[in-house]
Amino acid sequence: EKGWKDILPVKELEAQWVTRVQFGARKLALYDTPSGIYASLALCNHGGADLCDGYFDGHVIECPLHQGAFDVRDGKPVCAPATRMMKTFETRVENGMVQIMM
Ligand code: FES
């Protein structure tokens, strides 16, 4: 059933960086940015690399395998060879927890 799910205490987020989270069977990436917290599936849709091992700068996550990149705010691919939208999730903070709509 779709709804807000507790994912991680806010204080466990890596500041201005990407944080790896396992949620059930899903690998997720949480991004702490100047404009808020964003979330996506952790595995790159180009070749399956774990974006949590990539380089994060501002709002852009760069994949560690082929250096494709995505804007974490909307999932848009911003650098080849990434060409498809990254799956993102709506997030919010409630009672000190990062929550994701999923
Ligand atoms: Fe991420 Fe290729 S696996 S760009």
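Residues numbered from 1 in each chain as written. Predicted model: local features only at pLDDT ≥ 70, side-chain atom pairs only at ≥ 80, totals over all residues.

Caption draft 1: Representation of the nonpolar core within the structure. In this structure, Val-18, Ala-29, Leu-30, Tyr-31, Leu-51 and Ile-61 are the most contacted members of the largest nonpolar core, which totals 23 residues. Of all the secondary structure elements, the ones that give two or more residues to this core are strand S3 (26-33), strand S4 (36-41), strand S7 (69-71) and strand S11 (97-101). In terms of residues, this core owes the most to one element, S3, which gives 4 residues. (Core = buried A, V, L, I, M, F, W, Y, C linked by C-beta atoms within 7 Å. Buried ≥ 20, exposed ≤ 12 C-beta atoms within 10 Å, placed from the backbone. Helix = DSSP H or I, 4+ residues; strand = E, 2+ residues; numbered from the N terminus.)

Caption draft 2: Representation of the pairing of S11. Direction of pairing for strand S1 (residues 4-9) relative to S11: antiparallel, over a ladder of 5 bridges. Note that in S11 the partner of Lys-5 across the bridge is Ile-100. When strand S10 (residues 91-94) meets S11, the two strands line up antiparallel, connected through 4 bridges. Bridge assignment links Thr-91 to a residue of S11, and that residue is Ile-100. The turn linking S10 back onto S11 is made up of 2 residues, and Asn-95 within it adopts a positive phi angle of 50 degrees. (Pairing = 2+ DSSP bridges.)

Caption draft 3: Layout of the UniProt feature "domain: Rieske" (unreviewed entry) in the protein. According to UniProt, the "domain: Rieske" (unreviewed entry) feature falls on residues 4-100. Secondary structure over residues 4-100 splits into 0% helix and 49% strand, and the C-alpha atoms at its two ends are 5 Å apart. (UniProt positions renumbered as here; feature names shortened; annotations may be inferred.)

Caption draft 4: Here's a closer look at the sheet that holds S1. Spatial strand order, S1-S11-S10: 3 strands in an open sheet with antiparallel pairing. On the outer flanks of this sheet lie S1 and S10, each paired with one strand and no other. Averaged over neighbouring strand pairs, the angle between their axes works out to 35 degrees when direction is ignored. (Axes fitted to C-alpha atoms, helices over the stretch in contact; angles between N-to-C directions.)

Caption draft 5: Structural detail: unusual backbone geometry. In this chain, Ala-80 is followed by Pro-81 through a cis amide linkage whose omega measures 10 degrees. Checked against the element boundaries, Pro-81 lands in the loop between strand S8 (77-79) and strand S9 (88-89). Phi angles above zero are rare outside glycine, and Gln-67 is one such case at about 65 degrees. With phi around 50 degrees, Asn-95 is a residue other than glycine that occupies positive phi space. Relative to the elements of secondary structure, Asn-95 occurs in the loop between S10 and S11. When the 8 C-beta atoms within 10 Å are taken as the criterion, Asn-95 is described as exposed.

Caption draft 6: Structural view of the environment of Lys-87. Within the element layout of this structure, Lys-87 appears in the loop between S8 and S9. For the pair Lys-87 and Val-10, spaced 77 residues apart in sequence, the C-alpha separation works out to 21 Å. Setting aside residues no more than four positions away along its own chain, Lys-87 makes contact with Ser-40, Leu-41 and Gly-75. (Contact = placed C-beta atoms within 7 Å.)

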